[in-house]
Amino acid sequence: MSYFSYRQGRLHAEQVDLIQVAEEFGTPAYVYSRAALIDNYQAYAQALAGTDHLVCYAVKANSNLAVLGVLATAGAGFDIVSIGELKRVLAAGGSADKTVFSGVGKQAYEIEQALEAGIHCFNVESEAELRLINQIAERHATRAPISLRINPDVDPKSHPYISTGLKENKFGIDIGEAERVYAEAAALPFIEIIGVDCHIGSQLTSLSPFVDALERVLKLIDRLAARDIVVRHLDLGGGLGVTYRDETPPPVKQYVGALLERLAGRDLTLILEPGRSIAANAGVLLTRVAYIKENGGRKFAIVDAAMNDMIRPALYDAWLDIQPVDTGGRHPEGVYDVVGPVCETGDFLGTQRSLAIAAGDILCVHGAGAYGFSMSSNYNSRPRAAEIMVDGEHLHLVRARESLEDLMRGEQLLTEPGT
Ligand SMILES: *Cc1c(COP(=O)(O)O)cnc(C)c1O
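Computed from a predicted structure; not experimentally measured. (Residues numbered from 1 in each chain as written. Predicted model: local features only at pLDDT ≥ 70, side-chain atom pairs only at ≥ 80, totals over all residues. Heavy atoms only, no water.)

Novice: Which residues make up the sheet that holds strand E3 (residues 16–17), and what values go with them?
Specialist: Taken in spatial order, the three strands make up an open sheet running E1-E2-E3, and their pairing is antiparallel. The open sheet has two edge strands, strand E1 (4–7) and E3, and neither has a second partner. With four bridges joining them, E1 and strand E2 (residues 10–13) adopt antiparallel strand pairing. Paired with Tyr 6 across the two strands is Leu 11, which belongs to E2. (Pairing = 2+ DSSP bridges. Helix = DSSP H or I, 4+ residues; strand = E, 2+ residues; numbered from the N terminus.)

Here it is as structure tokens:
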């Protein structure tokens with residue numbers, strides 16, 4: 001069910017009129033639905049009920065503290081890719097022992113702090129990282145829990161920038177090398193092997209790449225067992241797609257069902273790391289039309305949100321639904337490119353959209369809850385947007401709009417010679 005729906009021609013988030021949100025907090029603003037986040041998380045928890053499991057929400061999709069707090073309260077674990085994300089998880093009330101640490105470039109200080117915090121598992125992406133973790137664990141007189149992130153060489157048929165499980169990608173360890181590296185890990189005294197991990201990409205809309213990857217990884221687990229290397233968990237990463245336009249990803253229940261079917265009879269805890277499928281459709285971006293203009297026969301709606309607020313259209317050619325929040329405006333319909341104020345031709349939220357709008361109108365960019373704010377920047381010295389969480393009829397400002405002072409924090413003029 002969608003928690004964003006029209007009532008008397010005006011778009012609401014749960015019980016709250018989004019025109020009211022735009023008036024109260026200004027634009028651009030991200031608005032999240034608490035109920036949608038919980039529902040999306042529960043879809044996983046329910047599909048996995050009765051199986052040993054851990055749902056580790058991928059923090060990078062949307063790392064707002066309130067979002068993490070809602071999911072932690074619902075019982076989620078977390079998938080992090082930096083120590084900054086671990087700080088956020090802990091600040092939001094999440095537990096380190098339900099947190100897994102992914103990423104190809106973990107720094108020594110990050111490994112050290114994650115080990116001290118007592119995270120559940122390091123998802124190791126190279127032999128060099130494995131050896132570094134062993135050294136750091138030795139200094140701490142402990143054994144670091146690890147899985148190896150395996151690259152199963154499966155094409156997820158997603159956008160090339162979000163495909164991660166092909167042989168030539170920078171992620172993980174080639175499945176052909178995996179047994180040798182596991183044997184090496186087993187011989188390291190300060191390493192404790194607890195799992196196998198893989199994550200093949202994002203916005204996957206069919207089951208077959210997931211199932212192919214799973215089958216390859218299960219065969220690896222059997223080959224490891226034959227060498228007396230026994231793993232307790234299988235982490236299948238994230239990657240389940242969502243509907244932005246007309247994509248038809250399998251529902252969570254069907255996706256999890258297909259995995260569990262192939263895990264029957266095995267004594268393995270299943271870890272999943274969903275990001276997008278929990279957060280994307282739990283958030284929208286509100287933006288105001290500043291100007292309407294026409295150039296060379298093309299109509300532009302120039303809005304106050306830009307690629308610095310939402311980079312997915314520019315970066316991945318992503319299509320996001322854009323609709324007026326108030327449909328009662330009775331403006332003539334036109335075909336618009338919806339563009340931001342940033343000085344880049346790639347600065348668009350959507351092109352060639354039929355919209356009945358005028359300057360001053362508030363537009364809603366749907367599907368903006370994942371990889372929206374978390375990928376935002378200050379490009380063009382634009383303060384980052386406000387973030388608001390709706391809960392029933394209540395509104396919470398969960399991140400204040402950045403101020404102009406925030407933009408220059410930490411910067412200094414030269415004070416020494418030649419100033
Ligand atoms: C980004 C990422 C995820 C989440 O992917 P989604 O497509 O958002 O579900 C999970 N695990 C790892 C290792 C990631 O890098």
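Novice: I'd like a description of the site of the ligand, backed by residues and values.
Specialist: Close to the ligand lie 14 residues, the nearest being Lys 60, Ser 202, Glu 273, Arg 276 and Tyr 371. Within the contact set of the ligand, a nitrogen atom lies 3.2 Å away from a side-chain nitrogen or oxygen of Asp 79. At 2.5 Å from an oxygen atom of the ligand is found a side-chain nitrogen or oxygen belonging to Tyr 371. With the chains in place, 94% of the 390 Å² that the ligand exposes on its own is no longer accessible. Looking at side-chain class alone, the shell around the ligand contains three nonpolar, six polar and five charged residues. (Near = heavy atom within 4 Å. Polar contact = N/O pair within 3.5 Å; in protein donor to acceptor, adjacent residues only side chain to side chain. Areas by Shrake-Rupley, 256 points an atom, 1.4 Å probe, with all protein chains shown as cover. Nonpolar A, V, L, I, M, F, W, Y, C, P; charged D, E, K, R; others polar.)

Novice: Go over the packing of helix H8 (residues 208–226) against helix H9 (residues 252–263), please, and point to the residues and values.
Specialist: The N-to-C vectors of H8 and H9 enclose an angle of 25 degrees; their axes lie 11 Å apart at closest approach. Comparing their axes, H9 and H8 come out roughly parallel. In this structure, H8 meets H9 at a crossing whose hand is right-handed. On the side of H8, the interface is formed by Phe 210, Val 211, Leu 214, Glu 215 and Leu 218, while H9 contributes Tyr 255, Ala 258, Leu 259, Arg 262 and Leu 263. Of the residues that constitute the contact of H8 with H9, the class distribution is eight nonpolar, no polar and two charged. (Axes fitted to C-alpha atoms, helices over the stretch in contact; angles between N-to-C directions. Parallel < 35°, antiparallel > 145°, perpendicular 65-115°, else oblique. Left-handed = near helix turned anticlockwise from the far one by under 90°. Contact = heavy atoms within 4.5 Å.)

Novice: Can you explain helix H7 (residues 178–187)? Please cite residues and give values.
Specialist: What H7 keeps buried is the set Ala 178, Val 181, Tyr 182, Glu 184 and Ala 185. In a view along the axis of H7, the buried residues occupy a sector of 155 degrees, so they form one face of it. Buried residues in H7 make contact with helix H6 (127–139), strand E9 (144–151), strand E10 (173–174), strand E11 (191–197) and H8. (Buried < 20%, exposed > 50% of the residue type's maximum accessible area, 1.4 Å probe, protein only. Arc of directions from axis to C-beta.)

Novice: Describe the domain arrangement of the chain, and please don't skip the residues or the numbers.
Specialist: Looking at the chain, the domain boundaries give domain 1 (4–31 + 280–408) and domain 2 (103–272). The C-alpha-based centres of domain 1 and domain 2 are spaced at 36 Å. Across the boundary between the two partners, domain 1 contributes nine residues, which contact seven residues of domain 2. Buried area between domain 1 and domain 2, summed over both chains or domains, comes out near 780 Å², and the portion from carbon and sulfur atoms is 61%. (Domains from an automatic or database assignment. Buried area = accessible area lost by both parts, 1.4 Å probe.)

Novice: Can you lay out the packing of aromatic side chains for me, pointing to particular residues and giving the numbers?
Specialist: Enumeration according to the criterion identifies six aromatic pairs in this entry. A ring pair is formed by Tyr 44 and Tyr 255, whose centres lie 6.5 Å apart and whose planes are at 85 degrees; its orientation type is edge-to-face. Note that Tyr 44 is positioned in helix H2 (residues 34–47) and Tyr 255 in helix H9, a separation of 211 residues in sequence. With respect to burial, Tyr 44 and Tyr 255 carry one shared label: buried. (Phe/Tyr/Trp six-rings, centres within 6.5 Å; stacked < 30°, edge-to-face > 60°.)

Novice: Just give me the short version of the pairing of strand E14 (residues 283–295), but keep the residues and values in it.
Specialist: Of the pairings in the sheet, the one linking strand E4 (residues 29–33) to E14 comprises four bridges and is antiparallel in character. Bridging from a neighbouring strand, Tyr 30 pairs with Leu 285 of E14. Here E14 pairs with strand E19 (residues 362–365) via four bridges, running antiparallel. Across the sheet, Thr 287 pairs through a bridge with Leu 363, a residue of E19. Note: E14 against strand E15 (residues 298–303), six bridges, orientation antiparallel. Within E15, the position partnered with Val 289 by the bridge is Val 303. With antiparallel pairing between neighbouring strands as the criterion, E14 and E15 make up a hairpin whose turn holds two residues, including Gly 296 at a positive phi of roughly 55 degrees.

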